[in-house]
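The residues making up each chain are set out below.
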Amino acid sequence: MARLLWQVLEDPQVYKDLQNNPHSFRFKEGPVVMVSTIHRPPHVELLKDHHGRLTITGPLANLMDAVAHSLNFTYKIVTPPDGTYGTHSANGSWSGMMGQVVRKEADVSLGPFAISWKRNQAVDFAHHYIFDYSSFIKSKGLPEIDPWGFLFPLQPKVWAALLAGLLVAWLAILVLGHNPDGSRKVNRASDLFFQHLKIIFHQNLTIKVKRGSEMVLLGGWVVVAMMVMWSYTGNLVSLLAVRHIPQPLQTLRDVIEESNLKVIVEPKTILTDTLDSVKSGDLRDIRDLVNVGRIKYEVSSDLFHVVDTLVRDGDHTLATIKISLIKFISELSRKTGKHSRCDFYIVRENLIHVFQCMVGQKGNPIVPAMSHRIRALVESGLYEYWLMSNIPFIENCRRSPSKITVMEPLALTNLWGMCVLLGVGHLLALLTFCLELCVVRCVSGRTS
């Protein structure tokens, strides 16, 4: 029967050889190494075999198998009762996987663990196998038409150029054109302006031009205006088939200011330790959300279900390592069928940046030996290959568009921007009419 690692290391010669030759050492008598882990996709997934024994799959399982083969040991999986990474309490003890390693209930823990000063005082870190970020995941809104989309076929500079062209054409024909006898200059100017405006809106002209210069000026404006408006019409038809998918949260400040949004985090992680330690800034404001009941805690094994339920409903967001968020999005996209719909997005701004590693008992010589082999596997690109291979449809939702094209009838709710513009126009017309009545009455009163 194979002995445990600590029993094998009681042999002074084995201990000395392992300590002095971590790069080349190999156990002659394969010991059993106790390995602590939790369910943490995509790095590691916990399973039970037909005998009820815990087993692991995923990139970390591949990494552990390669290291075990190189050092000639086998390993047994154990899990912490609280299912967490572990944190340091006021009485000096550790919980979670950290506690199992510190209490020597496990020789190593797969993690992934971020490096911190407190953790480094209690355990030894092996070489990191990935660099990652923490961020938020949020459900996308329902596709909707931008009510002001009728302004988008032309860029603001084109609208400005069109207005400038209108003014130039109007002033040119006003200065160079013929002024009929008996007509007032103000009336002539306003008539010409509205005639030029009619061209933009495809309305009939009532202006009479006789001179060749007037015909050239007016004809040039007709060509320019019609070309621009034909382009506008074609682009507008295309834009009306576009639906905008709202993604309102993009920064930490957006998360803080969304008062109805609750934030889900894992307990006893590097993220919670960081939030507890910061004194100011956005991270401190996020930590203070606990005071208003906007922070909830869920263990790692429940996160996929949390994303599929609470986060999908729209009033929750989850903060965790970005590669895990990508895994959740990919798995949920696969569940939608052959169309692979992407219902979630990752907030653009990150919370913290971390190196992620395995940890081992403080001073245990097996940690440097494992670290050397982990470094070789990571630098060869194997771990990244295993990790990417464990995330199906990874590219489907990584850069999913915020706009989609659909073919369906338009509703009044999609076009309220144009209705607002129409209402404002009618209101201005009514005010102008009332002003004209007042002016007429004033003038009539003076003449009488």
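- Under the annotation held in an unreviewed UniProt entry, the protein chain carries the name Glutamate receptor ionotropic, delta-2-like 6 and is attributed to Homarus americanus.
- Its UniProt record, at the heading Sequence similarities (unreviewed entry), says of the protein chain: "Belongs to the glutamate-gated ion channel (TC 1.A.10.1) family."

### Brief notes about empty space enclosed by the protein
Here's step 1: Enumeration over the complete set of coordinates arrives at 2 cavities of 30 Å³ or more.
Here's step 2: By volume, the largest cavity amounts to about 150 Å³.
Here's step 3: Lining the largest cavity are 16 residues, with R40, Y85, T269, I270 and I321 positioned closest to its centre.
Here's step 4: Residue assignment for the lining of the largest cavity shows that the elements contributing at least two residues are β5 (108–114), α10 (270–277), β11 (316–321) and β13 (353–361).

### Digging into the side chain of S116
Here's step 1: Assignment of secondary structure puts S116 in the loop between β5 and α5 (117–122).
Here's step 2: Exposure remark for S116: the relative accessible area of 18% places this residue in the buried category.
Here's step 3: Within the local environment of S116, its side chain forms a polar contact with the backbone nitrogen of R119, the two atoms lying 3.3 Å apart.
Here's step 4: Setting aside chain neighbours within four positions, we find S116 in contact with F125 and I270.

### Considering helix α15 (residues 382–389)
Here's step 1: The complete set of buried residues in α15 reads Y383, W386 and L387. Around the axis of α15, the buried residues are gathered within 100° of arc, so they sit on the same side. Structural note: α15 exposes E384 and Y385 on the side pointing more than 90 degrees away from its buried face.
Here's step 2: Against α3 (59–71), β7 (130–139), α13 (322–335) and α14 (366–379) lie the buried residues of α15.

### Re α13
Here's step 1: A rise of 1.5 Å per residue sets the reference length of α13, with its 14 residues, at 20 Å; its end C-alpha atoms lie 20 Å apart and thus fit the reference within 8%.
Here's step 2: The buried fraction of α13 amounts to 12 of the 14 residues, a majority that puts the element mostly inside the structure.
Here's step 3: Of all the residues in α13, the buried ones are K322, I323, S324, L325, I326, K327, F328, I329, S330, E331, L332 and S333.
Here's step 4: On its buried face, α13 sits against β2 (45–48), β7, α12 (303–313), β11, β12 (344–346) and α15.

### What to know about the state of the cysteines
Here's step 1: Inspection of the entire model under this criterion finds 0 disulfides.
Here's step 2: With no disulfide of its own, C434 lies 6.9 Å from the sulfur of C438, the closest cysteine sulfur.
Here's step 3: This cysteine, C438, is not joined by any disulfide, and C442 carries the nearest cysteine sulfur, 6.6 Å off.
Here's step 4: Looking at C438, the relative accessible area reads 45%, which means it is partly exposed.

### Some points on the pattern of salt bridges
Here's step 1: For the structure shown, the criterion picks out 17 salt bridges.
Here's step 2: D82 is the salt-bridge partner of K268, the closest N and O atoms lying 3.2 Å from each other. Within this pair, whereas K268 is found in the loop between β9 (262–265) and α10, its partner D82 is found in the loop between β4 (74–78) and α4 (96–102), the two being separated by 186 residues in sequence.
Here's step 3: Note that K327 is salt-bridged to E331, the shortest N-O span being 3.0 Å. Placement of the pair is K327 and E331 together in helix α13, with a separation of 4 residues, close to one helical turn.
Here's step 4: Taking the relative accessible area as the measure of exposure, K327 reaches 5% and is therefore buried.
Here's step 5: We classify E331 as buried; its relative accessible area is 15%.

### Observations concerning the pairing of β11
Here's step 1: Across the 6 residues of β11, 6 count as buried, placing the element largely inside the fold.
Here's step 2: Pairing analysis gives 4 bridges linking β7 to β11, with the strands arranged antiparallel. Counted as the bridge partner of S135 is T320 from β11.

### Focus on the nonpolar core
Here's step 1: F27, L63, L71, F73, F136, M358 and I366 are the most contacted members of the largest nonpolar core, which has 63 residues in total.
Here's step 2: The element best represented in this core is α3, accounting for 7 residues.
Here's step 3: Leave out the neighbours within four places in its chain, and F27 touches L5, V8, L9, V14, L18, L71, N72, F73 and I366.
Here's step 4: Grouped together as the second largest cluster of nonpolar side chains are 18 residues, L162, A189, M226 and L236 included.

### What about the UniProt feature "transmembrane region" (unreviewed entry) in the protein chain?
Here's step 1: As recorded in UniProt, the sites labelled "transmembrane region" (unreviewed entry) are residues 158–177, 215–233 and 415–440.
Here's step 2: Taken end to end, residues 215–233 has its terminal C-alpha atoms 26 Å apart, with 100% of it in helix and 0% in strand.
Here's step 3: Secondary structure across residues 415–440 comprises 96% helix and 0% strand; the distance between its end C-alpha atoms is 38 Å.

### A look at unusual backbone geometry
Here's step 1: P42 follows P41 through a cis peptide bond whose omega is 5°.
Here's step 2: Summarising the element assignment, P42 is placed in the loop between β1 (32–36) and β2.
Here's step 3: Cis geometry marks the peptide bond from G111 to P112; its omega dihedral reads 10°.
Here's step 4: Take P112: it is sitting in strand β5.
Here's step 5: Phi is positive for N72, close to 65°, though the residue is something other than glycine.
Here's step 6: Checked against the element boundaries, N72 lands in the loop between α3 and β4.

The rules behind these values
- Residues numbered from 1 in each chain as written.
- Predicted model: local features only at pLDDT ≥ 70, side-chain atom pairs only at ≥ 80, totals over all residues.
- Heavy atoms only, no water.
- UniProt positions renumbered as here; feature names shortened; annotations may be inferred.
- 1 Å grid on protein atoms, 1.4 Å probe; cavity = no way out; pocket = protein on both sides within 12 Å on 5 of 7 lines; lining within 4 Å.
- Points joined across faces, edges and corners; volume = space filled by probe spheres on them.
- Helix = DSSP H or I, 4+ residues; strand = E, 2+ residues; numbered from the N terminus.
- Buried < 20%, exposed > 50% of the residue type's maximum accessible area, 1.4 Å probe, protein only.
- Polar contact = N/O pair within 3.5 Å; in protein donor to acceptor, adjacent residues only side chain to side chain.
- Contact = heavy atoms within 4.5 Å.
- Arc of directions from axis to C-beta.
- Expected span 1.5 Å × (residues − 1).
- Disulfide = S-S within 2.5 Å.
- Salt bridge = Lys/Arg side-chain N within 4 Å of Asp/Glu carboxyl O.
- Pairing = 2+ DSSP bridges.
- Core = buried A, V, L, I, M, F, W, Y, C linked by side-chain atoms within 4.5 Å.

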